[in-house]
Number of protein chains: 2
Amino acid sequence: MKRGTLLVVSGFSGAGKGTVLSKVLEKRTDLYYSVSFTTRAPRTGEQDGVNYHFVTREAFQERIDRGEFLEYAEYVGNFYGTSMAVIREKLDQGVDVILEIESQGAAKVRQKMPEAVSLFLVPPSFEELSRRLHGRGTDSEEVIQRRLATARKEAKELEHYDYIVINDTIENAVGEILAILVAEGCRKERRLELFKGV
Amino acid sequence: MKRGTLLVVSGFSGAGKGTVLSKVLEKRTDLYYSVSFTTRAPRTGEQDGVNYHFVTREAFQERIDRGEFLEYAEYVGNFYGTSMAVIREKLDQGVDVILEIESQGAAKVRQKMPEAVSLFLVPPSFEELSRRLHGRGTDSEEVIQRRLATARKEAKELEHYDYIVINDTIENAVGEILAILVAEGCRKERRLELFKGV
């Protein structure tokens, strides 16, 4: 059985991860999207168990104590964590898994699962990122400035990712992510056994 | 200017490289297909300057003496060689280049240009390869057996390639190669400068 690809997806806040990934999942209904746990409040339209498992700080701490998380991290005052068992099961079944996670978490996943493939979603420029965060109209100027400061820090993490996907248009970004998944499935490591011992 | 990707393509004789690559070039008219020099006789339908530069052994030897070739090799009694200047020029212009070459030549290219990306085209199985070579009806049984022996040797080279593309249907193989080209264009090495110093 061919093992699935674990695709770790990070991106600047405001780069459009949510929109792009939902389109990717529409095109590739065989993918498994790993749902993270978080202590942050749901945004308008977000559903428990779909976008995140929304839990209290106490419930999150219990899961930490039980050693359930592949990784967890605090980010802008809230906790985010990834449960490992389901991911491993899907990969073993040959299913490709998408794990959306910020850069600290991505670093931990890379450490524990070196075979993971990682990509970082960016807008075409830093100026465009600032413009998009302001245009979204959901955050205060203070929050926006905090997000931009975080983005500047995260830009230093880009070099640890395998791929950088540019969200100039949603269609292009989706196309690049789909191509990365296909290409990773063609890596020789996954196919060498086909012609072993001929 | 973003540098182009050099995609080195090898494959078992009979795997369908010619058909698959011509479809890839139809879909991506911006690609440059590197035309090799050879001393072998043209097959039916092959054109000088399109499929190969067909030259005499003497002319080939002169080019060797002038140091023109990135690589050259003898294969089933004929010489094949790749001129380097044009490839470098295209890559510098940001054009992706496809270089079709057998595995000895691919090894030399990898050595001289470590940034090259390489893929090996295979049929779904070794049995299918034998069936296709017989079905083609262009070669004698002796030639087919020689090609199969070569394929067995080449199977040992598979591990040196980045990707293995399976030609089960032409459409799938073409799709995989197009995806590899897109994905390689997204590699962080090519895009890191976008967010340098923000």
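Relevant structure appears above.
Residues numbered from 1 in each chain as written. Chains lettered and ligands numbered in written order. Predicted model: local features only at pLDDT ≥ 70, side-chain atom pairs only at ≥ 80, totals over all residues. Heavy atoms only, no water.

Turning our attention to the side chain of R191(A). Residue placement: R191(A) occurs in helix α8 (residues 188–191). In terms of polar contacts, R191(A) uses its side chain to reach the backbone carbonyl oxygen of I164(B), at 2.6 Å. Beyond its immediate stretch of four places on either side in the chain, R191(A) contacts G185(A), C186(A), I164(B), V165(B), I166(B) and E176(B). (Helix = DSSP H or I, 4+ residues; strand = E, 2+ residues; numbered from the N terminus. Polar contact = N/O pair within 3.5 Å; in protein donor to acceptor, adjacent residues only side chain to side chain. Contact = heavy atoms within 4.5 Å.)

What follows concerns the packing of aromatic side chains. Taken as a whole, this structure holds 22 aromatic pairs over all chains when the rule is applied. Here the aromatic rings of Y52(A) and F54(A) are separated by 5.7 Å at their centres, their planes lie at 55°, and the arrangement is tilted. Note on Y52(A): relative accessible area 16%, which makes it buried. Taken together, a centroid distance of 6.2 Å and an interplanar angle of 75° make the contact between F60(B) and Y72(B) edge-to-face. Pair noted here: F60(B) is in helix α2 (residues 57–65) and Y72(B) is in strand β5 (residues 69–75), with a separation of 12 residues, a long-range link. For Y72(B), a relative accessible area of 34% translates into the label partly exposed. Taken together through their ring pairs, the aromatic side chains of F37(A), F60(A), F69(A), Y72(A) and F79(A) make up a single cluster. Here the basic side chain of K108(A) rests over the ring of Y72(A), its NZ or CZ set 5.9 Å away from the ring centre. The ring of Y161(B) has R110(B) sitting right over it, with the charged end atom 4.4 Å from the ring centre. (Phe/Tyr/Trp six-rings, centres within 6.5 Å; stacked < 30°, edge-to-face > 60°. Buried < 20%, exposed > 50% of the residue type's maximum accessible area, 1.4 Å probe, protein only. Lys NZ or Arg CZ within 6 Å of the ring centre and 35° of its normal.)

With that settled, the discussion passes to unusual backbone geometry. Residues and elements named next belong to chain A. Backbone geometry at V76 places phi at a positive 50°, although glycine is not the residue there. Among the secondary structure elements, V76 is positioned in the loop between β5 (69–75) and β6 (78–83). Of the residues examined, V76 reaches a relative accessible area of 36% and is grouped as partly exposed.

All names here are of chain A. Most of strand β1 (residues 6–11) is tucked away, with 6 of its 6 residues classed as buried. Side-chain alternation along β1 places L6, V8 and S10 on one buried face and L7, V9 and G11 on a second face that is also buried. Pairing analysis gives 4 bridges linking β1 to strand β7 (residues 97–100), with the strands arranged parallel. Looking at the pairing, L6 lines up with V97 of β7. Strand direction decides the pairing type here: β1 and strand β8 (residues 117–122), joined by 5 bridges, are parallel. Looking at β8, one finds that L7 is bridged to V117. (Pairing = 2+ DSSP bridges.)

Turning our eyes to something else, we now look at the side chain of E176(B). Within the secondary structure layout, E176(B) lies in helix α7 (residues 170–185). Overall, E176(B) belongs to the buried group, its relative accessible area being 13%. Within the structure, the side chain of E176(B) is placed 2.9 Å from the side chain of R191(A), a separation counted as a polar contact. Side-chain polar atoms of E176(B) contact the backbone nitrogen of I166(B), separated by 3.5 Å. Discounting residues that sit within four places of it in the chain, E176(B) has contacts with V182(A), C186(A), R191(A), I164(B), V165(B) and I166(B).

All names here are of chain A. Following both chains from N to C, one finds helix α5 (residues 126–136) and helix α6 (residues 141–155) inclined at 155°, their axes separated by 10 Å at the closest point. The pairing of α5 with α6 is recorded here as roughly antiparallel in orientation. Along this stretch, α5 crosses α6, giving a crossing that reads as right-handed. Of the residues in α6, those in contact with F126, L129, S130, L133, H134 and R136 of α5 are E141, I144, R147, L148, A151 and R152. Looking at side-chain class alone, the contact of α5 with α6 contains 6 nonpolar, 2 polar and 4 charged residues. (Axes fitted to C-alpha atoms, helices over the stretch in contact; angles between N-to-C directions. Parallel < 35°, antiparallel > 145°, perpendicular 65-115°, else oblique. Left-handed = near helix turned anticlockwise from the far one by under 90°. Nonpolar A, V, L, I, M, F, W, Y, C, P; charged D, E, K, R; others polar.)

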